[in-house]
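# Fold and geometry: a report
These are the residues of each chain, in order.
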Amino acid sequence: MSQQPCSPWDQAMQHAFDAIVLLDAQGRVTAWNPQAEKCFGWQAHEIIGQALATSIFDGDQAAAFAREWQGVHQAHSHLVLPHFRAVHRTGHVIRIDLSLACTQNAAGSQGVVFIRDVSERLDADNALRVAAVAFQSLEGMVVMDGCYTILKVNQAFVDITGYEAHEAVGRVSALFRPGRQDEEVYLAMRSALPEKRFWQGEVWDRRKSGERYSVWLRVTAVLGVNQEVSHYVAAFVDISKQRASAQRVQFLDFHDPLTDLPNRRFFLVRLRQAMAAADRKSEHCVVLLLDVDEFKGINDTVGHHVGDALLKKIGKRLRMSLHAEDTIARLGGDEFAVILQGMATETQEVAIRARNVAERLVHALGLPFAIEQRALEITVSVGISVSCGTRRASEDLLKQADIAMYRAKSDGRNCIRFFDTASQASLEARFALNAAMRSAFPQQFAVHYQLQVDAAQRPLGAEALLRWTQSDGIAVSPAQFIPLAEETGLILPMGLWVLQQACKQLQHWACEPTMRGLTLAVNVSARQFHAETFVRSVLDALAHSGANPNLLKLELTEGITINHIDQVVQKMQALRSHGVRFAIDDFGTGYSSLAYLKRLPLEQLKIDQTFVRDLETDNNDLAIASAVVGMGRSLGMQVVAEGVETAQQVEILRALGCDAFQGYYFARPGTAQALGVDIQRRMPQSTSPLETGHHQFLKETS
Ligand code: C2E
Ligand code: MG
Ligand code: MG
């Protein structure tokens, strides 16, 4: 064919855009134009005479082509075959469209095959389809022209921004308008894009609703044929939620999640800064440490959710009572701390101002808190420490406030104390005492008994009093170790132990004619009483010992009963129904009202020894003692005076109408054996309290 290049057909073959192949009746190649050479890589002389089907197709495609060719050939018809897979000489697959025609002339039948390589077009089509799917991603996507005018947006864009597609298309994207961003971010983006053709960063946008939100934006420039930017494609995700939660995580690292106040960690950072600033200005820095009194009791009795609500409200009240620049933190539990800055240079003046602030806070927290229809009242103990110019660690200043706060607690709570070196020493002594007590209990402990007598000085019973004698023979006063045991929780096993000893003693007395029928009073601490197991533990102690419950008398202090009266009454009644009796100890030192006392199933009222001590000389004490006796009588309770030391006191109390007495005048607390000897001495004629009928506690049996 190449020898006769001048016919129009040959011209067409030479210059055709498509590959053209001529076939004989058997499907063998008879002509193969330059475009076919280009398309398949075979030279004409290499392929002429070969079957086309097997030369450019593989496997099933070869068979399919052969079949189609057969059909066209037999019918002398024509056919278009799109999307065939052919194989280039190098082995790579190309996709082709074919059109076949078969004509019959004098020389026989002849086939013409036009072939076009459509690989690139198919690739582009596929890419478009993939792009269309990718465009509908979860990221907001915007296609813009080279001037940032929006051409197309996806559904995520609509969802995130609130703008419908038709509202956005045709406008310049706000993300790329000046004045909408931080100047710096905007300039960085606009300068990077034409040059680097890519930019990403965090930017601010505004939703249709007006809400500002932050997005992570990635913009890619698309180059046109002339290598100039023809389009921009922007993809963005809404990161406002992530940002908020990241900020929250960071916030929580330094804040207490309940009150949102700074936590201990943050507090120490602030304190360090405040102390450094105070140093520079030769000023003072003050730490106030506030601890809610008996918070555990509140938590235990009204529930933790009320306790939590209370802590939140305390935080708010503190915030409201202080200046914005003062730091308030919750260090943990019921402990709050405050830093006061910018305090004058004069130490004396600082102390006065610090005390004023502390008093203001104590007052603010002293007002009732309304929580779930309850009016909760609290008191706080406050410790104050003042930085005094010398460079000291912030932890030290906090520790000193802590020591002062402990001092406030041990001075009876609900008060304010400044740090001083003496309180530090006493705190250290407390730690030592606590350690010693833990290892000494119960080996070094014993229960002693102090006699109680009636108006005719006949024995009624005794009060059990715990004693701790250390190995060196030195006795530690219960006034010292009981509050410590109460605080550390050791009072629970300790109180139980006393109760068990007392019950055993009662049972022991039951077998002795002179002791039978004596009552035994046992002191119960607040923590012990409020423990869930309290009622059970008393009943168990009675059952195990076999003691008569009617002879057991539990002494509660006003402090125990002042809050949560319903639960208190419930517990008391549960024990009362088994015969156990109750006395209120140290009466007159608390705040109980008559109406309040009326609700408690009490047998006995004990006038505190502080009113007895100066009866002879102090008219106020006399008036109080007289009022207490009157109150007890009007409520039908027996009144006992404790701490009676002189005959004159006995006389006065008897005249006031006091029913029973306890004190050194009659007997000091001693061992059970000593008590037995004493009682024996008092009752020479073998009359036991029961037999004489003087035993007032047993007049009424339950
Ligand atoms: P309390 O229950 O008011 O006990 C009376 C205290 O007064 C006892 O002090 C007793 O020794 C003392 N006392 C008795 N007569 C006189 C007197 O004529 N003059 C003076 N000045 N004092 C007198 P004690 O034994 O030191 O106990 C102090 C407090 O420790 C008790 O006060 C009680 O609240 C507590 N306590 C003692 N033993 C126990 C116990 O087993 N459990 C609990 N929870 N508390 C206990
Ligand atoms: Mg007592
Ligand atoms: Mg007492």
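The text that follows walks through the structure, step by step, so that each part is easy to find. (Residues numbered from 1 in each chain as written. Chains lettered and ligands numbered in written order. Predicted model: local features only at pLDDT ≥ 70, side-chain atom pairs only at ≥ 80, totals over all residues. Heavy atoms only, no water.)

What follows deals with the sheet that holds strand β8 (residues 198-206). Taken in spatial order, the five strands of this open sheet run β7-β6-β10-β9-β8, and their pairing is antiparallel. Here the strands that pair on one side only, and so sit at the sheet edges, are β7 (150-153) and β8. Averaged over all neighbouring strand pairs, the angle between strand axes comes to 25°, with direction disregarded. Where strand β6 (residues 140-145) meets strand β10 (residues 229-238), six bridges bridge the pair, whose relative direction is antiparallel. Its bridge partner lying in β10, V142 is registered against A234. Here helix α9 (residues 183-196) sits on the sheet and contacts β8, β9 (212-223) and β10; the angle it forms with β8, its principal contact strand, is near 145°. (Pairing = 2+ DSSP bridges. Helix = DSSP H or I, 4+ residues; strand = E, 2+ residues; numbered from the N terminus. Axes fitted to C-alpha atoms, helices over the stretch in contact; angles between N-to-C directions. Contact = heavy atoms within 4.5 Å.)

A word on the sheet that holds strand β3 (residues 78-87). Sheets are built from strands that pair by backbone hydrogen bonding, the pairs being arranged parallel or antiparallel. Reading across from one edge, β2-β1-β5-β4-β3 is the order of the five strands in this open sheet, with antiparallel pairing throughout. The outermost strands of the open sheet, each flanked by one partner alone, are β2 (29-32) and β3. Recorded for the sheet is a direction-independent mean angle of 25° between the axes of neighbouring strands. Sheet analysis places strand β1 (residues 19-23) next to strand β5 (residues 108-117), joined by five bridges and oriented antiparallel. Across the sheet, the residue bridging to V21 is V113, located in β5. Along the sheet face, helix α1 (residues 8-15) touches β1, β2 and β5 and points at about 130° away from the line of β1.

Only D585 (OD), D586 (OD), E642 (OE) and E642 (OE) from the protein coordinate the magnesium ion (ligand 3), and they sit 2.0 to 2.5 Å from it. Each donor residue of the magnesium ion (ligand 3) lies on the same chain, and together they follow the pattern D-D-x55-E. Here the magnesium ion (ligand 3) and the magnesium ion (ligand 2) are spaced 4.0 Å apart, linked through D585, which binds each one. Taken together, the residues span a long stretch of sequence, with D585 in strand β23 (residues 581-587) and E642 in the loop between β25 (638-641) and α26 (647-656) at a distance of 57 residues. Among the residues examined, D585 registers a relative accessible area of 6% and is labelled buried. (Donors = N, O, S within 2.8 Å, 3.2 Å for Na, K, Ca; no water. Buried < 20%, exposed > 50% of the residue type's maximum accessible area, 1.4 Å probe, protein only.)

A word on the packing of helix α12 (residues 295-302) against helix α13 (residues 304-321). Look at α12 against α13: their axes get within 6 Å of each other, and the N-to-C directions meet at 135°. Classified by the interaxial angle, the pair formed by α12 and α13 is oblique. Residues F295, I298, N299 and V302 of α12 form the contact with α13, whose participating residues are H304, H305, V306, G307, L310 and L311. Looking at the contact of α12 with α13 residue by residue, the class counts come to six nonpolar, four polar and no charged. (Parallel < 35°, antiparallel > 145°, perpendicular 65-115°, else oblique. Nonpolar A, V, L, I, M, F, W, Y, C, P; charged D, E, K, R; others polar.)

Let us now look at the coordination of the magnesium ion (ligand 2). For the magnesium ion (ligand 2), the full set of protein donor atoms is E463 (OE), N523 (OD1), E555 (OE) and D585 (OD), at a range of 2.0 to 2.2 Å. Linear spacing of the donor residues for the magnesium ion (ligand 2) on their chain is E-x59-N-x31-E-x29-D. Take E555: its relative accessible area is 1%, and that puts it in the buried class.

We now examine the site of ligand 1. Surrounding ligand 1, one finds 22 residues, the nearest of these being R467, N523, D585, Q609 and E645. One of the side-chain N or O atoms of D586 is found 3.0 Å from an oxygen atom in ligand 1. Take Y664: an N or O atom from its main chain is 2.8 Å from an oxygen atom of ligand 1. A total of 790 Å² of accessible area belongs to ligand 1 in isolation, and the protein chains cover 84% of it. Those elements that place two or more of their residues in the shell around ligand 1 are β19 (459-469), α17 (478-488) and β23. Among the elements that take part in the shell around ligand 1, β19 stands out by supplying four residues, more than any other. (Near = heavy atom within 4 Å. Polar contact = N/O pair within 3.5 Å; in protein donor to acceptor, adjacent residues only side chain to side chain. Areas by Shrake-Rupley, 256 points an atom, 1.4 Å probe, with all protein chains shown as cover.)

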